[in-house]
Structure formats: C-alpha cells, structure tokens
Amino acid sequence: QVQLVESGGGLVQPGGSLRLSCKASGNIFSIYAMGWYRQAPGKQRELVAVITSNGSRNYADSVKGRFTISRDNAKTTVYLQMNSLKPEDTAVYYCNCDLYSSSGRGNYWGQGTQVTVSS
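Structural notes, computed from the coordinates. (Residues numbered from 1 in each chain as written. Predicted model: local features only at pLDDT ≥ 70, side-chain atom pairs only at ≥ 80, totals over all residues. Heavy atoms only, no water.)

### Here we look at the nonpolar core
Inclusion rule: Residues grouped as a nonpolar core are buried Ala, Val, Leu, Ile, Met, Phe, Trp, Tyr and Cys residues, joined through side-chain atoms within 4.5 Å. Between buried and exposed lies partly exposed: a residue is buried under 20% and exposed over 50% of the maximum accessible area for its type, with that area taken using a 1.4 Å probe on protein chains only. Only DSSP runs of H or I reaching four residues or more are called helices, and only runs of E reaching two or more are called strands; each is numbered from the N terminus.
Judged by nonpolar contacts, the single largest core of 29 residues is most densely connected at Trp 36, Val 48, Phe 67, Val 78, Leu 80, Met 82 and Tyr 93. Those elements that place two or more of their residues in this core are strand E3 (18–25), strand E4 (28–39), strand E5 (46–51), strand E7 (67–72), strand E8 (77–82), strand E9 (91–101) and strand E11 (113–117). Broken down by element, the residue count for this core peaks at 5 residues, all from E9.

If you want it as structure tokens, here you go:
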C-alpha cells in the first residue's frame, strides 16, 4: 500500500520561510513526477510545483523565484522550500506522486499540511 506523508507546515510571518517534506512509502518501483498542490478556502486546488524523474521543474507563476522544489530519489522524498512567503500563500498543501508500485501505475495524494502566513 502506497502512502504519502507530509510534514513541515505551520504558521509563519510574511516574508518568512518554511520547508515542506513528503515521503512516499510502500512497495514502490519507480517514481515519475512528484509535485505539490495547494487549496485555499473557497478556491480550487492548484498546482504549485512539479519535478519529473529527470529533474525538470515547473512552477506556478505566483511562486516563481520564491519556491524551490527538489527530490531525493533514494529517500523517495520530495521537498518544497518556500521563501518570502505572502499571506496569499496560505492554504493546505498537498503532495502528489505519479509512481509505479506493486499495484501498478498510480497517482497518489498526501493528507495535506496547513500553511498559514500571517502576522
């Protein structure tokens, strides 16, 4: 059974930084894309950043230059370094992985971690 467990959310002041982590566990053979999404109250879930197996990265325009996505394949973990945080970054952040496991190819979500940017 594949599980994604996120950590690192919390309350931070505007201009501050947070680092989110998401570890994938289970009988995983290959991880393709790993990404982060977020959902603010009353809004649809949106893509924040994604990184492919060859290291290619894409970011939402709203976070370019402030957020950095990275992955550690040996640890099956994806990270999101968030700098210069703004109140509009407040949301529940979800990890997403496209991977191949003993159950076949699948797309999985973490449980979400709250990020609140407020003074």
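Let us keep going from here.
### Things to note about the state of the cysteines
Here, disulfide denotes a covalent bond that connects the sulfur atoms of two cysteines. The test is simple: The criterion for a disulfide is a pair of cysteine sulfur atoms lying within 2.5 Å.
One pass over the structure, following the stated rule, counts 1 disulfide. The disulfide partner of Cys 22 is Cys 95, and the S-S distance across this bridge is 2.1 Å. Given an S-S torsion of about -80°, the disulfide between Cys 22 and Cys 95 has left-handed geometry. In this pair, Cys 22 sits in strand E3 while Cys 95 sits in strand E9, placing the two residues 73 residues apart along the sequence. We classify Cys 22 as buried; its relative accessible area is 0%. Look at Cys 95 and you get buried, because its relative accessible area is 0%. Unpaired in this structure, Cys 97 has its nearest cysteine sulfur neighbour in Cys 95, at a distance of 4.3 Å. Residue class for Cys 97 comes out buried when judged on its relative accessible area of 0%.

### Quick word on unusual backbone geometry
We note that Thr 76 has phi near 45°; this positive angle belongs to a residue other than glycine. Relative to the assigned elements, Thr 76 resides in the loop between E7 and E8. For Ser 84, which is not glycine, the phi torsion reads 50° and is therefore positive. By secondary structure assignment, the location of Ser 84 is in the loop between E8 and E9. Residue Ser 84 is classed as partly exposed on the basis of its relative accessible area of 41%.

### Thoughts on the pairing of strand E1 (residues 3–7)
Heads up, the condition is: Strands qualify as paired when DSSP identifies two bridges or more between them.
Side chains Leu 4 and Glu 6 of E1 all project onto a buried face; the interleaved residues Gln 3, Val 5 and Ser 7 project onto a face where none is buried. Bridge count for E1 against E3 is 5 bridges, and the pairing is antiparallel. Directly across from Val 5, in E3, lies its bridge partner Lys 23.

### Section: the pairing of E4
Judged from the 9 bridges that link them, E4 and E9 form a sheet pairing that is antiparallel. Bridged to Met 34 within E9 is Cys 97. With 5 bridges connecting them, E4 and E5 associate as antiparallel partners. Among the inter-strand pairings, Trp 36 is bridged to a residue of E5, identified as Ala 49. What sits between the antiparallel neighbours E4 and E5 is a turn of 6 residues, in which Gly 42 has the positive phi angle 80°.

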